[in-house]
Amino acid sequence: MAGRKLAYRSIGNGAPLILSNRFRGTLDTWDPLFLDTLSENFRVITFDYSGIGYSTGTLPTDAVSVARDIKDLAAYLKLEKTAVLGWSWGGLIAQAATLEYPELITHAVIIGSVPLGERTVDIEPAFLQAAVKPLNDFEDEIVLFYEPKSRKSIAAAEISYERIRKRLDVSKIPSTMDVFQLYFQAGGAAAEDKEGLRDKLKETAVPILVISGDNDISAAVENWFPLLRELPTVQIIILPHAGHAPQHQEPILTAGYINTFLAQ
């Protein structure tokens, strides 16, 4: 594909759903129970961005260019229509794909992410400190993805962490500042939004579901609030006592919400 190879996995049958991953996420870092539950109703397609994980090439430095990975993967798989799901940094990419390719994208699910454009609530320092460590341990993941003050959240984190670890190739996870900077530049470009995609969110006919934890220190759900009356197709679900990875804390519940949404 245009000088690079995109690694992907496909499980399940039904209407396609392409998943766009978080900062430093790879094919291996999704919770298997979440994927398996989604695949009961959909063809779930996970992939690694250009230059990340098992894919070759170089990660682009703006969200619109990264979103071409979704378009090109859909074309390679001969998908005329697909839903997309983006988590965290991948939520920015999923939004860009939705707005750039409305003829391709039927629905968009945005998990633990903010709308394109300027933030209302910034990322908390604790998240950034943990996020850029060369290797994250379980305690880092509690800070990054869960609610440290909730015993229920921590208990769910332990179970999810073990599920992921059984299939994880740590060597494929980006770990250098050179690669981190590519992510940061694309995130910065999404916030600057020279393409005016935030305004297109106010005009799109594509249904969008936002799922957030109530204590997301990376992508606070409050970033969506100033736009609530301006986004004609956006629905928001907030999970209590949850952080940046509600789909890992509550994989079956979250997949159920997505299943209901995509059936509309």
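The structure this text deals with has already been given above.
Residues numbered from 1 in each chain as written. Predicted model: local features only at pLDDT ≥ 70, side-chain atom pairs only at ≥ 80, totals over all residues. Heavy atoms only, no water.

**A closer look at the pattern of salt bridges**
Overall, the coordinates contain twelve salt bridges when judged by the stated rule. When the shortest N-O distance is used, the salt bridge between aspartate 199 and lysine 202 registers 3.7 Å. Lysine 202 serves as the salt-bridge partner of glutamate 230, at 3.1 Å between the closest nitrogen and oxygen. Of the two residues, glutamate 230 sits in the loop between strand 6 (208–213) and strand 7 (234–239) while lysine 202 sits in the loop between helix 8 (197–201) and strand 6, which places them 28 residues apart along the sequence. (Salt bridge = Lys/Arg side-chain N within 4 Å of Asp/Glu carboxyl O. Helix = DSSP H or I, 4+ residues; strand = E, 2+ residues; numbered from the N terminus.)

**Thoughts on the environment of serine 55**
Summarising the element assignment, serine 55 is placed in the loop between strand 3 (42–47) and helix 2 (63–76). Put simply, serine 55 and leucine 144 are 89 residues apart on the chain and 25 Å apart in space, counted from C-alpha to C-alpha. Excluding its chain neighbours within four sequence positions, the residues that come into contact with serine 55 are Lys5, Leu6, Ala7, Asp48, Tyr49 and Ser50. Engagement of the side chain of serine 55 in a polar contact is seen with the backbone oxygen of aspartate 48, the distance being 2.7 Å. (Contact = heavy atoms within 4.5 Å. Polar contact = N/O pair within 3.5 Å; in protein donor to acceptor, adjacent residues only side chain to side chain.)

**As for a nonpolar patch on the surface**
On the surface, a nonpolar cluster with roughly 260 Å² of combined accessible area is contributed by Phe225, Leu228 and Ile238. Following the sequence through the fold, isoleucine 238 ends up in strand 7. (Patch = residues over 30% accessible without salt bridge, like charges linked within 9 Å, V, L, I, M, F, W, Y side chains within 5 Å. Areas by Shrake-Rupley, 256 points an atom, 1.4 Å probe, with all protein chains shown as cover.)

**As for helix 5 (residues 138–145)**
Among the eight residues that make up helix 5, six are buried, leaving the element largely enclosed by the rest of the structure. Regarding helix 5, the residues found buried are Phe138, Asp140, Glu141, Ile142, Leu144 and Phe145. Of the surrounding elements, those touching the buried residues of helix 5 are strand 4 (82–87), helix 4 (125–131) and helix 6 (151–165). Measuring from the backbone nitrogen of glutamate 139 back to the side-chain oxygen at the start of helix 5 gives 3.2 Å, which picks out aspartate 137 as the cap. (Buried < 20%, exposed > 50% of the residue type's maximum accessible area, 1.4 Å probe, protein only.)

In short, the description is geometric, and any link to function would need to be established separately.
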